[in-house]
Amino acid sequence: MTQYRIRSARSADVRGIRDLLEPYVQRRILLGKDLVVLYEAVQQFVVAEAPDGTLIGCGALHVMWEDLGEVRTLIVADEWLHHGVGRAIVEALEDNARTLGLTRLFCLTFEVDFFTRRGFTEIGEQVVDPDVYSQLVRSPDEGIAEFLDLAHVKPNTLGNTRMLKTL
Ligand SMILES: CC(=O)SCCNC(=O)CCNC(=O)[C@H](O)C(C)(C)COP(=O)(O)OP(=O)(O)OC[C@H]1O[C@@H](n2cnc3c(N)ncnc32)[C@H](O)[C@@H]1OP(=O)(O)O
């Protein structure tokens with residue numbers, strides 16, 4: 001395969017991101033997002049682009065607290081799996097996290113081996129202190145509810161592993 005490039009997402013990439021995401025939403029592997037939510041979050045995304053301009057991967061960095069972010073919506077197109085695209089996207093998101101001053105990255109995933117090789121380790125209990133917890137719990141964001149392991153999102157998170165990396 002020829003080279004791909006990793007770059008910040010543009011608004012014109014959003015429908016392509018939605019197309020990458022949709023099969024995994026159907027299989028309940030990733031959280032579904034309306035187009036408007038993806039447009040609102042476009043600055044969080046990096047994408048991987050094939051030489052012909054096709055979108056072949058994406059991933060997002062969501063800031064949750066002063067030191068803490070989450071890797072979200074990480075997807076590589078089937079025909080590009082195992083070519084280092086996922087790793088390159090996560091590295092770009094980690095660079096963005098460091099630039100923002102974050103020191104910890106969370107993810108909730110079925111892809112435990114992939115994230116373990118990227119330096120993430122499994123966590124069990126809460127990794128924020130009660131003060132921060134009481135602030136985070138005010139967020140309307142479903143991903144934050146998943147991070148906090150709130151009861152109403154437990155059906156979404158069943159079988160997923162909670163992982164954390166110190167940058
Ligand atoms: C937080 C969240 O978003 S959780 C959701 C995670 N995403 C999903 O579940 C969606 C479905 N899964 C996927 O889209 C993909 O499997 C991902 C994103 C998890 C991984 O994407 P990939 O691009 O296949 O990963 P990548 O190729 O970087 O690494 C996988 C392994 O492929 C192999 N690999 C890497 N480069 C190459 C290469 N050039 N040639 C052959 N094999 C290679 C290696 O074994 C690599 O592991 P290593 O880098 O630790 O040695």
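What you see is a predicted model, and the numbers here were worked out from it, not measured in a lab.

### Focus: the pattern of salt bridges
In total, this model carries 11 salt bridges according to the counting rule given. Two residues, Asp67 and Arg104, come together in a salt bridge whose shortest N-O distance is 3.1 Å. Residue Asp67 is found in the loop between strand 3 (55–63) and strand 4 (68–76), and its partner Arg104 is found in strand 5 (residues 104–109); the two are separated by 37 residues along the sequence. For Lys154, the salt bridge identified is with Asp149, shortest N-O distance 3.2 Å. Overall, Asp149 belongs to the partly exposed group, its relative accessible area being 28%. Each of the salt bridges in this network shares a partner with another, and the network as a whole consists of Arg5, Arg7, Asp13 and Glu49.

### Re the packing of aromatic side chains
Within this structure, the stated rule accounts for 4 aromatic pairs. Ring centres of Phe106 and Phe147 lie 4.6 Å apart, and the angle between their planes is 80 degrees; on these two criteria the pair is classed as edge-to-face. Highlighted residues: Phe106 in strand 5 and Phe147 in helix 6 (residues 142–148), separated in sequence by 41 residues. The pair formed by Phe106 and Phe147 is uniform in burial state, with each residue classed as buried. Between Phe114 and Phe115 the ring centres are 5.2 Å apart and the planes differ by 90 degrees, which places this aromatic pair in the edge-to-face class. Within the aromatic cluster, the residues linked to one another by ring pairs are Phe114, Phe115 and Phe120.

### Thoughts on the site of the ligand
Surrounding the ligand, one finds 24 residues, the nearest of these being Leu74, His82, Gly84, Gly86 and Arg117. One of the backbone N or O atoms of Arg87 is found 2.8 Å from an oxygen atom in the ligand. One nitrogen or oxygen atom from the side chain of Arg117 is found 2.5 Å from an oxygen atom belonging to the ligand. Protein chains bury 77% of the 1,000 Å² of accessible surface belonging to the ligand in isolation.

Rules used throughout
- Residues numbered from 1 in each chain as written.
- Predicted model: local features only at pLDDT ≥ 70, side-chain atom pairs only at ≥ 80, totals over all residues.
- Heavy atoms only, no water.
- Salt bridge = Lys/Arg side-chain N within 4 Å of Asp/Glu carboxyl O.
- Helix = DSSP H or I, 4+ residues; strand = E, 2+ residues; numbered from the N terminus.
- Buried < 20%, exposed > 50% of the residue type's maximum accessible area, 1.4 Å probe, protein only.
- Phe/Tyr/Trp six-rings, centres within 6.5 Å; stacked < 30°, edge-to-face > 60°.
- Near = heavy atom within 4 Å.
- Polar contact = N/O pair within 3.5 Å; in protein donor to acceptor, adjacent residues only side chain to side chain.
- Areas by Shrake-Rupley, 256 points an atom, 1.4 Å probe, with all protein chains shown as cover.

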